[in-house]
Every structure is written in structure tokens, then in C-alpha cells.
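A look at the structure
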Amino acid sequence: MKILHISNFYYDRGGDCTHLFSMMDLLGKKGHKNIAFSMRHPQNFDSEYSKYFISYINYVDELKNKNLLAGARVLYRSIYSLEAKKNIEKLINEEKPDIAHIQSLHHYITHSILYPLKKNNIPVVWTLHDFAFICPNTNFTCSGKVCEKCKISKLYWPIITRCKKNSLGASTVAALETLVHRIMKVSDMVDVFITPSEFLRNKLIEYGFDQNRIKCLNNFMDFSTDSKEEGSDDYYAYIGRLVEGKGIKLLIDAAIKSNAGILKIVGDGPLKGDLMSYVQQRKAGSRILFLGHKSHDEVMRFLKRSRFMVLPSEWYENFPYSVIEAFACGKAVIGARLGGIPELVRDNVTGLTFEPGNSDDLRAKIEYLISNPDKAAQMGANARQFVEQELSSEKHYQKLMEIYDCLINKSISV
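Notes on the structure in this doc start here. (Residues numbered from 1 in each chain as written. Predicted model: local features only at pLDDT ≥ 70, side-chain atom pairs only at ≥ 80, totals over all residues. Heavy atoms only, no water.)

**Some words on the pattern of salt bridges**
Worth spelling out the cut-off: Here a salt bridge means any side-chain nitrogen of Lys or Arg lying within 4 Å of a carboxyl oxygen belonging to Asp or Glu. Numbering of helices and strands starts at the N terminus; helices are DSSP runs of H or I of at least 4 residues and strands are runs of E of at least 2. Only protein chains enter the accessibility calculation, which uses a 1.4 Å probe. A residue is then buried if its area is under 20% of the maximum for its type, exposed if over 50%, and partly exposed in between.
Going through the model one piece at a time under the given rule, you end up with 18 salt bridges. Among the salt bridges present, the one from Glu 148 reaches Lys 203, with a minimum N-O distance of 2.7 Å. Of the two residues, Glu 148 sits in the loop between strand E6 (145-146) and helix H6 (157-161) while Lys 203 sits in helix H8 (residues 198-206), which places them 55 residues apart along the sequence. Owing to a relative accessible area of 8%, Lys 203 belongs among the buried residues under this scheme.

This is the structure we're talking about:
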């Protein structure tokens, strides 16, 4: 089978790219042919199809130029890219794929590519990694907090609140893009949406999507690499971007209050400087350490040595890879009772959940796992077993093939 993979980015950038490359590797090992379509970027991995990729654009730099030409360029690229449509038509004519599987296209590749796909009767599957179809800011946040003011048709709110990057220009473009997608019924051109979590599936249905075209298929973990237990050091971990909405300051407050164990923070982002200053002001620099960005292999080694991981998000997480990776390393997770997190973090089974935004509740859960290492180890063992049994690559492959085969053969309703 020839699968055309469509993604805004083609390098190790985040969860959507992690899933893309894991899935391509899995499908390749099963004998299928992977065809890539993406955007050119200095960090891209090599691809024999890069000649079809669309030109690179940096919206941060573009929006710094406060002139009509820059604004027009941003609107053109973010809403409907003629270049993407033209290039994918060439790729389709050359490779003749059996099915198209989208990971991301909002803002960069755009929905323009859906028209040549439908013209050539190529079934379209889209794995959703965020809430872009139903939220202009893609993640249901405003100023780092959960926000659903735009529900159904109130698309003037992004312009008022400047929820997208705290920018009037970016927020206006995001609102216009969402409006255009709804007017043109872009979602109707997708045969099946795949959601990694039931939470996201239910949100789409709540916002009016056809439940018969939405299938929940969890992300998976490849166990081909060694992930044996390597013991534990005296620290617990946070892994992720240092941005608003991730609840890192909440975690720091809880860590300071608990005065138990050492918190090690892996990741980078715009809040790093402010968070480090805050820790120093609270004289907690010896117990809260910032380790910066680490490669995936380094992260896995770091997790194996930790006691447990904390995910203190204040926004809707979908199906976070950081939790799956912690589970794969046999570690329990403390997570906010929000979004898709409780689907993974099951109280007293694979970890503990806490009330979102409540640093005292989070502190209590941290102290509990530190004071009860045997229970933390048992939860970690349960978590590892859960990943092996429920999130294996083989199980994911079989379910994915069922979706592909039904669409290609058109013999059974998916």
C-alpha cells in the first residue's frame, strides 16, 4: 500500500512529529511505501520527496513586519496555499498513493491540498493532535488558561482577547482561518478523523462533528529499544516545553511547599528565564534544577533514573507522549485531572491525579509518592504493563489497517 503522509513539519518538533515518524517506521517495516509531503525547514530530515515540499515561512518574523505586504503574505499562506495545492498535485500524479494520512496542515500547508486529493478519489484520514478544527488558538487556551469562548460561532473572541501568541495580527488570522474552514466545510472533505484520546473525540462531537467519522486510536510506543529499569535517584521529573498553560509555576510552588525530594525540569521555552529567577527568589535553587533541552534518548535515560514524573497542565492535554514515555520506563505519573490525562493516569493504578490549578493538592500527591516508594514502584510497573498491552505498535497497526482497508475497499462503513 502507498501511504501519503502530510505534515507541516518533517523534523523532531513535538508529539505530532513523534507520531508521524513512529508510524512511518512501523508501516515501512510492514512492507508499505511511505510518501512524504511537508514544508521545507532547516532542521528537516532527509526525504526523497523534499522537492515537492512547500517553501518555508516563519510567522514570528513575518508578523514583526507591520505592513500590508507582510499581512497579505501571512493570510495567503495560513488560509489557502496555492503552492501546496500545485505541489501535491505533482506528487499525486507521480506516485499515485492509495490513501492520504494527515498529521497537521493548519497554518502552513492549508486545506488547499484536500481538493486534489478528492479530485483523484484518494481517501483522507486525519489524526488530530490538537483542537485546531474547533479552536482558533488550537489548544483551548487564553493567557495560559482553559477557554471555550469561541464555541460554535463566536469567532470575534480571539480578536478581543488576543489569545494567539498575545498578538492582534496572529489572533485575527487564526479567527479568519477558522471561519473560512467552517464556511467551506473543510471537515466534510475528510473521510475519517482519528483522535488519540476519547476526550478529543467527545469534544469534536460536542462541537457538531459527525461521530460516525471519528475513531479513537491511541498513540503507541515502540518497544524495540531497551527500556529496562535502571534504578531510581532522588528526584522527580517534569519534561516538556516551558510555556504558559503547562502549569510549571504551579509545580514549582508545590515543590517549594513540599520540601521533599528534588525536582528536575527538562525542557526549554520562553518562560525559562522567568521561572529560574522565581526559583532563585524563593531560595529553592538547590532543590529545583533546570536541565534544559535533551534529546529523546537522553530523556528516556533521565526518566529511568527518576522516581516519577509530574504533568501539571492547566490546559487540555490530548494524549501526551511524555506520559507514555514515563510509563514505558516503568514510572508512575502525577497528572492534572484535565483533558485526556485521566485516560492514562489512573488513580492508584498508573499514578495519581490532582485538582487542576491546586498546588496544595499537587504537593500532597508528590509527598505521598516520595513517602511511599513501594507504591510508586508498583504504579510504575502497572504503567509499563498498560503500555505493553494497550499501546503496542502491533495493536495500533492492526486497528489502523482496518481503517485504511475499509476506506480503500469502500466495502464496509468505518
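Moving on from the coordinates now.
**Re the sheet that holds strand E3 (residues 99-102)**
Selection criterion: One bridge is not enough; two strands pair if DSSP finds at least two bridges between them. The convention used is that axes are lines fitted to C-alpha atoms, helices contributing only their stretch in contact, and that angles between N-to-C directions extend from 0 to 180 degrees. Here, residues are in contact when the closest pair of their heavy atoms is within 4.5 Å.
Read across the sheet, six strands follow the order E2-E1-E3-E4-E7-E8 without closing on themselves; strand pairing throughout is parallel. Each of the sheet's edge strands pairs with one partner strand only, and the pair in question is strand E2 (33-37) and strand E8 (214-216). Strand-to-strand twist of the sheet, defined as the mean angle between neighbouring strand axes without regard to direction, takes the value 25°. Strand direction decides the pairing type here: strand E1 (residues 2-6) and E2, joined by five bridges, are parallel. Paired with Ile 3 across the two strands is Asn 34, which belongs to E2. Relative to E8, H8 is tilted by about 165°, and along the sheet it contacts strand E7 (192-195) and E8. Of the strands in this sheet, E1, E3, strand E4 (124-127), E7 and E8 touch helix H16 (residues 393-409), which is tilted by about 135° from E3.

**Looking at H16**
Inclusion rule: Helix span is expected to be 1.5 Å times the residue number reduced by one.
If you check H16, its first and last C-alpha atoms are 24 Å apart, about what 17 residues at 1.5 Å a residue would give, namely 24 Å. Of the residues making up H16, those classed as buried are Ser 393, His 396, Tyr 397, Leu 400, Met 401, Ile 403, Tyr 404, Cys 406 and Leu 407. Count one or two residues on from H16 and you reach Lys 410, which has phi positive near 55°.

**With respect to the nonpolar core**
Heads up, the condition is: Only buried residues count toward a nonpolar core. Its members are Ala, Val, Leu, Ile, Met, Phe, Trp, Tyr and Cys residues joined through side-chain atoms within 4.5 Å.
Grouped together as the largest cluster of nonpolar side chains are 109 residues, with contacts concentrated most on Leu 4, Ile 6, Phe 37, Ile 113, Leu 117, Ile 252 and Ile 288. No other element matches the seven residues that helix H9 (residues 248-258) contributes to this core. Setting aside chain neighbours within four positions, we find Ile 113 in contact with Ile 6, Phe 37, Ala 84, Lys 85, Ile 88, Ile 102 and Leu 105. Residues Leu 27, Val 125, Ile 194 and Tyr 397 belong to the second largest nonpolar core, which totals 16 residues.

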